[in-house]
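Each chain, written out:
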Amino acid sequence: MTVDQLTVLVVDDERPALDELRWLLERDGRIGTVVTSDSATEALRLLQERSVDAVFLDIRMPGLSGVDLARVLSRFRAPPPIVFVTAHDDHAVDAFELNAVDYVLKPVRDDRLTEAVRRVVGARTGGSAPADDDIAVELGGVTRFVPRSSVRYVEAQGDYARLHTASGSHLVRVPLTTLEEAWKDAGFVRIHRSLLVALQHVEEVRMDAGRCTVVVGGVELGVSRRHTRELRDLLVRRARPGASGRG
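Residues numbered from 1 in each chain as written. Predicted model: local features only at pLDDT ≥ 70, side-chain atom pairs only at ≥ 80, totals over all residues. Heavy atoms only, no water.

Under an unreviewed UniProt entry, the name given to the chain is LytTR family two component transcriptional regulator, and the organism recorded is Blastococcus colisei.

Now the structure itself:
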């Protein structure tokens with residue numbers, strides 16, 4: 001094991017899945033030691049005795065679930081990066097809210113796991129979060145990563161959100177309210193109950209008979225009355241970075 005190699009913990013109550021993930025991780029040159037556990041309770045005990053660089057965690061397990069364990073780990077002084085590895089896609093919101101660095105669906109593909117390890121390395125070397133977060137989207141069984149900086153606006157669709165970029169749109173299983181909270185420091189603001197826009201991509205603000213709209217990527221989007229003043233104030237402040245902020 002070299003100095004730069006990682007020690008990771010794999011947690012899965014199904015022995016075949018546990019053994020396969022360990023085997024795949026041990027083939028990655030960035031991984032030095034793989035510790036395994038077949039329950040979240042045992043994993044918590046192990047983590048109190050030794051430190052690891054990342055945890056690869058199943059979600060649905062008897063007793064303490066993977067999400068439960070991740071919530072406990074989030075309260076650690078220095079929580080390890082979490083990668084959820086699961087056969088179920090209905091906990092993506094939990095993963096997002098817990099700041100998991102990745103969410104990998106079973107059966108695990110080699111290239112997909114390679115990407116997950118890359119994200120772990122990035123999280124460790126770049127602090128608690130990378131400067132430009134990616135969000136995973138599934139297209140025809142293939143996972144792609146869309147950089148947050150490429151997202152122009154986000155549209156609510158029930159419990160899902162549709163990310164609009166220059167090259168198209170992507171539906172993700174994350175509510176708009178969750179993205180609003182997670183991305184507010186990156187310049188995303190609510191302009192309507194169903195719309196979130198990236199201020200850096202706003203090209204125009206139009207006022208017509210008291211009705212406000214913004215143009216983002218050539219698309220005109222309506223701004224609700226309650227959000228109009230806040231949006232204009234934010235855009236003015238961005239246009240005047242040297243302003244003191246005093247009224």
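So, next bit.
### Some remarks on the sheet that holds strand S5 (residues 102-105)
If you trace the 5 strands from one edge of the open sheet to the other, you get S2-S1-S3-S4-S5, paired in parallel fashion. Among the strands making up the open sheet, the edge pair consists of strand S2 (31-37) and S5. With direction set aside, neighbouring strand axes in the sheet form an average angle of 20 degrees. Looking at chain direction, strand S4 (residues 82-86) and S5 are connected through 4 bridges and run parallel. Counted as the bridge partner of Val83 is Asp102 from S5. (Pairing = 2+ DSSP bridges. Helix = DSSP H or I, 4+ residues; strand = E, 2+ residues; numbered from the N terminus. Axes fitted to C-alpha atoms, helices over the stretch in contact; angles between N-to-C directions.)

### Overview of the environment of His91
Position of His91 among the secondary structure elements: in the loop between S4 and helix H4 (92-97). His91 sits in the buried class, given a relative accessible area of 18%. Residues His91 and Tyr103, spaced 12 residues apart in sequence, show a C-alpha to C-alpha distance of 9.1 Å. Once you skip the residues sitting within four places of it in the chain, His91 turns out to touch Ile59, Arg60, Val67 and Tyr103. (Buried < 20%, exposed > 50% of the residue type's maximum accessible area, 1.4 Å probe, protein only. Contact = heavy atoms within 4.5 Å.)

### Focus on the side chain of Asp102
Locating Asp102 in the fold gives a position in strand S5. Among the polar contacts made by the side chain of Asp102, one reaches the side chain of Arg112 at a distance of 2.7 Å. When near neighbours in sequence (up to four residues on either side) are disregarded, Asp102 contacts Ile82, Val83, Phe84, Arg112, Glu115, Ala116, Arg119 and Phe145. (Polar contact = N/O pair within 3.5 Å; in protein donor to acceptor, adjacent residues only side chain to side chain.)

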